[in-house]
Amino acid sequence: EVYAASTSVSVKNTLSVYRSEGKFVGSHSVYGYKKDPENKHQLIIDEEAAEVVRWIFEKFVSGTSITGIVRSLNKRGVPNPSKYKALKGVKPEKYRNDGLWCERTVRRFLENRTFIGDMVQGKHEKLSYKSKIIVPVDKQDWCVVEGTHEPIIDKKTSARVNFVLLF
């Protein structure tokens, strides 16, 4: 028991150092990116998915509602992020997934700083090494490192999107 607790603390500390250095430590990358095959801690753009991300931002900036974007994505048959990763063999499909987009997914995309080249990690944590319960971390305690990878969206577009989301 003591050995397991000690190992858990050691692993948590190592991951914390990696996060603070801007290294990606997740098991699956954010939609629009993939892990660099030569460096698993670095994200590179997945062009196929990045085109969808760019399209979502362009549509929103041009005045299309989130609901309108979702309808358009679903009408065009664009697989949602989890379905896309399952189709690419990156992530197993755990749950029955119809591949449809929802408003929550699009809103999360529009609010995600990863698309402007910032590494945002540490949003959730396990209560204990003994438990599978994962709890959210306060936003001010997230680990954010700017400029760690190539952006999909420029900061000007992101700023316009954030302004519109506020109102």
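For the structure, check the block above.
None of the values given here were measured: they were computed from a predicted structure.

A. Spotlight on the overall build of the protein. Of the regular secondary structure elements, the protein holds 6 helices and 6 strands. Sequence-ordered secondary structure for the protein, helices as α and strands as β, is α-β-β-α-α-α-α-β-β-β-β-α. Going through the 167 residues of the protein one by one, you find that 34% of them count as buried. Considering only contacts within the protein whose residues lie at least 6 apart along the sequence, 59% involve residues at least 24 apart.

B. Focus on the packing of helix H3 (residues 66-76) against helix H5 (residues 103-111). For the pair H3 and H5, interaxial distance at closest approach is 9 Å and the crossing angle is 115 degrees. Classed by the angle they form, the pair H3 and H5 counts as roughly perpendicular. Every pair of crossing elements has a handedness; the one defined by H3 and H5 is right-handed. Across from Ile 66, Thr 67, Ile 69, Val 70 and Leu 73 in H3, the residues of H5 making contact are Glu 103, Val 106, Arg 107 and Leu 110. When grouped by side-chain class, the residues that make up the contact of H3 with H5 number 6 nonpolar, 1 polar and 2 charged.

C. A look at the packing of aromatic side chains. Summed over the entire model, instances satisfying the criterion amount to 7 aromatic pairs. Geometrically, the ring pair formed by Tyr 33 and Phe 115 is stacked, given 6.5 Å between the ring centres and 15 degrees between the ring planes. With a gap of 82 residues between them, Tyr 33 in strand E1 (residues 33-36) and Phe 115 in the loop between H5 and strand E3 (119-121) connect regions that are remote in the sequence. Each member of the pair, Tyr 33 as well as Phe 115, carries the same accessibility label: buried. Between Phe 57 and Phe 115 the ring centres are 6.1 Å apart and the planes differ by 75 degrees, which places this aromatic pair in the edge-to-face class. One end of the pair, Phe 57, is in helix H2 (residues 47-61); the other, Phe 115, is in the loop between H5 and E3, with 58 residues separating them in the sequence. Since its relative accessible area comes to 2%, Phe 57 is described here as buried. One aromatic cluster is present, built from ring pairs that chain together Tyr 31, Tyr 33, Phe 57, Tyr 84, Trp 101, Phe 109 and Phe 115. Taking NZ or CZ as reference, Arg 76 lies 4.5 Å from the ring centre of Trp 55, over its face.

D. Examining a positive patch on the surface more closely. Side chains of Arg 104, Arg 108, Lys 123 and Lys 139 sit close together on the surface and give a patch of like positive charge. Here Lys 139 is to be found in the loop between strand E5 (134-136) and strand E6 (143-145).

Calculation notes
- Numbering of residues starts from 1 in each chain and follows the order in which that chain's sequence is written.
- Given that the model is predicted, a residue must reach a pLDDT of at least 70 before its local features are reported, and side-chain atom pairs must reach 80 or more before they are shown or counted; all residues, however, enter totals for whole chains, interfaces and linings.
- Water and hydrogen atoms play no part in the side-chain values, which are based on all heavy atoms of the structure.
- Helix and strand definitions here come from DSSP, where helices need a minimum of 4 consecutive H or I residues and strands a minimum of 2 consecutive E residues; each element is numbered from the N-terminal end.
- For every residue, the accessible area (1.4 Å probe, protein chains only) is compared with the maximum for its type, and the residue is labelled buried under 20%, exposed over 50%, or partly exposed between those bounds.
- Residue contacts are counted whenever heavy atoms from the two residues lie within 4.5 Å of one another.
- All axes here are fitted lines through C-alpha atoms, helices being fitted over the stretch that makes contact, and every angle between N-to-C directions spans 0 to 180 degrees.
- Reported orientations rely on four angle classes, namely roughly parallel under 35 degrees, roughly antiparallel over 145, roughly perpendicular from 65 to 115, and oblique for the rest.
- Left-handed describes a crossing whose near helix is turned anticlockwise from the far helix through less than a right angle; right-handed describes the clockwise counterpart.
- Under the convention adopted here, Pro, Cys and the residues Ala, Val, Leu, Ile, Met, Phe, Trp and Tyr are nonpolar, Asp, Glu, Lys and Arg are charged, and Gly plus all remaining residues are polar.
- Aromatic rings from Phe, Tyr and Trp, taking only the six-membered ring of Trp, are treated as a pair when their centres fall within 6.5 Å; an angle between ring planes under 30 degrees marks them as stacked, one over 60 as edge-to-face, and anything in between as tilted.
- Should the NZ of a Lys or the CZ of an Arg lie within 6 Å of a ring centre and within 35 degrees of the ring normal, that charge is described as sitting over the ring.
- Exposure above 30% relative accessible area and no salt bridge define the residues that can form patches, which grow by joining like charges within 9 Å and nonpolar side chains of Val, Leu, Ile, Met, Phe, Trp and Tyr within 5 Å.
- Surface accessibility in these figures is a Shrake-Rupley result with a 1.4 Å probe; residues are shielded only by whichever protein chains are displayed.
- Take a side-chain nitrogen of Lys or Arg and a carboxyl oxygen of Asp or Glu: if they are within 4 Å of each other, that pair is a salt bridge.
- Counted as positive: Lys and Arg. Counted as negative: Asp and Glu. His and the chain ends are not counted at all.
- Charged groups are reduced to one reference atom each: NZ for lysine, CZ for arginine, CG for aspartic acid, CD for glutamic acid.

By themselves, these observations are geometric and do not establish any function.
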